[in-house]
Amino acid sequence: MRKAIFLVAILLAMSIPFAQADSEEGVLFTWTGSANTVELIGEWDWNSSTIMYESNGVWSATVNLSEGLYCYKFIVDGDYIFDPANTYRGYCDGIENSVVRVGITPPLSHQIIDDVLVVSSIENPNSNYPFTQSGDTWELDLGQLDDGKHSISLSADGKESLAVFWTGPDADFIWEDALIYMVMTDRFVNGNTSNDGAPSGAEAEADWMGGDLEGVTQMIQSGYFNDLGVNALWISPFNTNPTGSYVAADGQHMVSGYHGYWPVEPRQVDPRFGGEAALTEMVEAAHDAGLRVMADFVVNHVHEDHVYAQQHPEWFNQGCICGTNFCDWTERRLDCLFMDYMPDLDWKNRDASEQIIEDALWWAETFDLDGIRVDAVKHVDDHAMTNLATRINERFEATGTDFYLKGETAMGWSGHSLEDNAEQYETINRYISDDALDGQADFVLYHAVVDNVFTTGNMDYQHLDYWTNRSQDQYVDGAIMVPYLGSHDSPRYLSRIQNDGTQYNQWEEQARPTTPSSTSYQSAKQGIAWLLTTPGAPMLYMGDEFGQHGGADPDNRRMLDFNLNQGQDELKNFTSEIAKIRLENEALRRGVYSTYHAESNMVAYEMTTNEQSLLVVLNRGGANQLQTTYDEIIYGASSLSETTLSIPADSVTILAHSGNFSAENQNNTGNETTNGGDNSTNSTIDDSNNTTEVDNNQSEEMKTCEGCCGETSEVPVSEPCPVVACAPCDEVEDSNDSASSSTATIFRNLLLIVVIVVLVVFIQMNRRSEDNH
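The rules behind these values
- Residues numbered from 1 in each chain as written.
- Predicted model: local features only at pLDDT ≥ 70, side-chain atom pairs only at ≥ 80, totals over all residues.
- Heavy atoms only, no water.
- Helix = DSSP H or I, 4+ residues; strand = E, 2+ residues; numbered from the N terminus.
- Buried < 20%, exposed > 50% of the residue type's maximum accessible area, 1.4 Å probe, protein only.
- Contact = heavy atoms within 4.5 Å.
- Areas by Shrake-Rupley, 256 points an atom, 1.4 Å probe, with all protein chains shown as cover.
- 1 Å grid on protein atoms, 1.4 Å probe; cavity = no way out; pocket = protein on both sides within 12 Å on 5 of 7 lines; lining within 4 Å.
- Points joined across faces, edges and corners; volume = space filled by probe spheres on them.
- Nonpolar A, V, L, I, M, F, W, Y, C, P; charged D, E, K, R; others polar.
- Pairing = 2+ DSSP bridges.
- Axes fitted to C-alpha atoms, helices over the stretch in contact; angles between N-to-C directions.
- Expected span 1.5 Å × (residues − 1).
- Polar contact = N/O pair within 3.5 Å; in protein donor to acceptor, adjacent residues only side chain to side chain.
- Parallel < 35°, antiparallel > 145°, perpendicular 65-115°, else oblique.
- Core = buried A, V, L, I, M, F, W, Y, C linked by side-chain atoms within 4.5 Å.
- Salt bridge = Lys/Arg side-chain N within 4 Å of Asp/Glu carboxyl O.

A. Molecular detail of the overall build of the chain. Along the chain, the regular secondary structure elements total 17 helices and 38 strands. Of all 773 residues assigned to the chain, the portion counted as buried reaches 52%. When contacts within the chain are restricted to residue pairs at least 6 apart in sequence, those whose partners lie at least 24 apart make up 67%. Roughly 33800 Å² of accessible area belongs to the chain as shown, and the carbon and sulfur atoms make up 47% of that amount.

B. Summary view of the layout of surface pockets. In this structure, the second largest pocket occupies an estimated 1300 Å³ of space. Forming the walls of the second largest pocket are 49 residues, and the residues nearest its centre are Phe 338, Glu 408, Asp 489, Asp 553 and Arg 557. Contributing elements (two or more residues each) for the lining of the second largest pocket: β24 (371-375) and α9 (443-455). Residue composition of the lining of the second largest pocket, grouped by class: 29 nonpolar, nine polar and eleven charged.

C. Layout of the pairing of strand β10 (residues 95-102). Extensive coverage of β10 is indicated by the burial of six of its eight residues. Examined bridge by bridge, strand β7 (residues 68-76) and β10 share five bridges and lie antiparallel to one another. Bridge pairing in β10 places Tyr 72 opposite Ser 98. Counting the residues that bridge the hairpin from strand β9 (residues 89-92) to β10 gives two residues, and of these Asp 93 lies at a positive phi of roughly 55°.

D. Focus on the sheet that holds strand β11 (residues 110-113). The strand order across the open sheet formed by four strands is β11-β12-β14-β13, and the pairing between neighbours is antiparallel. Both edges of this open sheet fall to β11 and β13 (132-134), since each of them pairs with a single strand only. Pairs of neighbouring strands in the sheet enclose a mean axial angle of 30°, with direction left out of account. Bridge count between strand β12 (residues 116-120) and strand β14 (residues 137-141): five bridges; the pairing is antiparallel. What sits directly across from Ser 120, in β14, is Thr 137.

E. Examining helix α6 (residues 350-366) more closely. Across its 17 residues, α6 extends 24 Å between first and last C-alpha, which sits within 8% of the 24 Å expected from 1.5 Å per residue. Listing the buried residues of α6 in full gives Arg 350, Ala 352, Ser 353, Glu 354, Ile 356, Ile 357, Asp 359, Ala 360, Leu 361, Trp 363 and Ala 364. Between a side-chain oxygen at the N-terminus of α6 and the backbone nitrogen of Asp 351 the separation is 3.1 Å; the capping residue is Asn 349. Immediately beyond the C-terminal end of α6, within one or two residues, lies Asp 368, with a positive phi of roughly 55°.

F. Summary view of the sheet that holds strand β18 (residues 232-235). Strand order in the open sheet formed by seven strands is β26-β25-β24-β21-β18-β17-β27, with parallel pairing between adjacent strands. Only two strands of the sheet have a single neighbouring strand rather than two, namely β26 (439-440) and β27 (539-541). As paired strands, strand β21 (residues 292-298) and β24 are joined by five bridges and run parallel to one another. Bridge pairing in β24 places Ala 295 opposite Ile 372.

G. Structural context of the environment of Leu 337. In this structure, Leu 337 sits in the loop between β22 (316-317) and β23 (344-345). Exposure remark for Leu 337: the relative accessible area of 10% places this residue in the buried category. The spatial distance from the C-alpha of Leu 337 to the C-alpha of Gly 323 is 9.3 Å, given a sequence separation of 14 residues. Those residues in contact with Leu 337, other than ones at most four positions away along the chain, are Asn 317, Gly 319, Cys 320, Ile 321, Cys 322, Met 342, Pro 343 and Asp 344.

H. Examining the packing of α9 against helix α10 (residues 461-473) more closely. One way to put it is that α9 packs onto α10 with a least axis distance of 10 Å and a crossing angle of 170°. Relative to α10, the element α9 is oriented roughly antiparallel. Contacts between α9 and α10 pair Val 444, Leu 445, Ala 448, Val 449, Asn 452, Val 453 and Phe 454 from the former with Tyr 461, His 463, Leu 464, Trp 467, Thr 468 and Ser 471 from the latter. When grouped by side-chain class, the residues that make up the contact of α9 with α10 number nine nonpolar, four polar and no charged.

I. Region of the structure containing the nonpolar core. Core analysis: the biggest nonpolar cluster contains 155 residues, and Tyr 181, Phe 188, Phe 225, Phe 238, Met 282, Met 385 and Trp 530 have the highest contact counts within it. Looking at this core, the element that brings in the most residues is α9, giving nine residues.

J. A look at the pattern of salt bridges. Considering all chains together, one arrives at 27 salt bridges under this definition. With a closest N to O distance of 2.6 Å, Glu 358 and Arg 391 form a salt bridge. Separated by 33 residues along the polypeptide, Glu 358 in helix α6 and Arg 391 in helix α7 (residues 383-396) bring together distant segments of the chain. Residue Glu 358 is classed as partly exposed on the basis of its relative accessible area, which comes to 32%. The partner of Arg 373 in a salt bridge is Glu 408, and the shortest N-O contact between them spans 3.5 Å. You can see Arg 373 sitting in strand β24 and its partner Glu 408 sitting in the loop between β25 (404-407) and α8 (422-429), a full 35 residues away along the chain. Across the pair, Glu 408 and Arg 373 agree in class, each one buried. Members of the salt-bridge network, linked through shared partners, are Asp 296, Arg 373, Asp 375 and Glu 408.

Next comes the structure, spelled out in structure tokens:
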């Protein structure tokens, strides 16, 4: 049966064009489609094209090439095009082309089927494991392996691959399940004072403070992350950074490279972080604890002392300083320098771009990483993400284990309408696809909700609900976005809630944030509950779980002190409780968000999968009531009397169905009152403190309703779609649609019949072959 499945895959793949290197006859290039003429041209000879010949719709040509990388394009009826089947791109003479890699060791085909690693080879792919031969494959029963992470080298028949997978209770993890915790290593825990570096001459708040990878390991082994409900770590860059101090962006203060974002070595763990041995130990400890590890990786720049800057100055742009006169951050995003001591990599230089990709692969494989967070995505050429992802996918994802690529494309906030923020969404989406990043930090949602609702209170919970919904429909399908409340680049979440005028201060000579009030700790719970119960892979910046205070960079990176006060301890316990509920309930990790009820100071939303639906109620106002058929409170101090939920002031409530749940039968419980004409609710409200009407300044927040014959209309998000009675659509449109649909259906049916016939014949032949053995 596996061979039959493989045959179907081959049949389907026959419709996909590709360039294949290293056959005995040369490199085979193919293009599939209808054309009069198709030619191949490449950097092996830009002055002469190669005619491609067609057979059954597939055009092909073979070229003898020595080992290396080659730009090329197809010329289809006179038009120069990229190879549509090859995502790998590069620049030759300043022009973007498809790129083929010649001379690489071909991969060894392998996959996991029913908890068995199946490798297609004649030779044993790894004698260190109990592989057994089965015809032309070797099989490894994964049940014989210990639970945890496995990265098995496979080598046979002149081919080589890496099989990466998990066994045991953590094997079902997908990145939608992740609760990511960001660690800035130098500011987390000092686990070994012997590796502390000497003072660099920087301001005290911007100098090295001693945190290291041994400190991270100690926290892993103490159970801190497991107790908190965290299952993935994002660690700041490991690379060795310079020893000296350099002028900050304000031109006045001196800062050091404690953060890791100024690499001077491409493949060396900074000794002040503990070196290679400490990193290896940390990753192993994380995997033993069921934690994934995502490394921060810098692709846009290096420090001026970096070996590449010293040895290959031609690899770098000679641009202006970002943000200075005539050097706009957006217009000059690809060649401007963040600072004059940070040379900007030129990704159009193929030697440079290939070296950075090779370095990323080295880090990922050498230290058995599970993902990479890519810094400053929009400041490198678009093909940087597709090329990196292509190589990552080839190396680490053959068994179906996703190596998560998260991007940082920093965007702003352009107003309270979807139209105002279209460019923000488009720019972030630009780098996400099956062949690029898996997801990015959700900057639009951060500005919409954290800036405008949780910290300043400028906007209400209807605004919160609207923009949370937009993060579900404005990004690329399948994108795993990362919502957050704060980061190493923003003032501390709790100090922004305190809002005493110090939250944007940075330096010791300024009045910096101090311990917030108990009210601020309580208010912070609303944002944490929202973060941990809405879609995406949420990120906690270290210390946000207990309300670490601080201003802007570098004050938002104070060395953490885990001797917590009462407010911090209560907030940490709250974070842990909600995070564990998230881990225990699939709907909160993988569910679809839908509005249940929204008003100024209270929002209720459902998180729903096929197996489960939960109702989350966030109330920052006074005591309230909500009618619902959810009948089990799994978190909170609310009470239920039949279908009436009584909700305390300033509270978080999570409810479930105590009986069997069916997503098909759920259909937004409570819509009865909406259909009766209520404006913003789908349940009855008793609310003396809030309004159920949509504010006029929110009228631009709209949703699309379907009408007759494909027409749509826009209504406020809080209102139900109108019920319309449709007359028959135009008969000509009906006949055209019917003909088109019929033609497509006939074609699909014929194709299905052909595949089934081939399958049956192949299976029967395979059975006869087995009978003859």
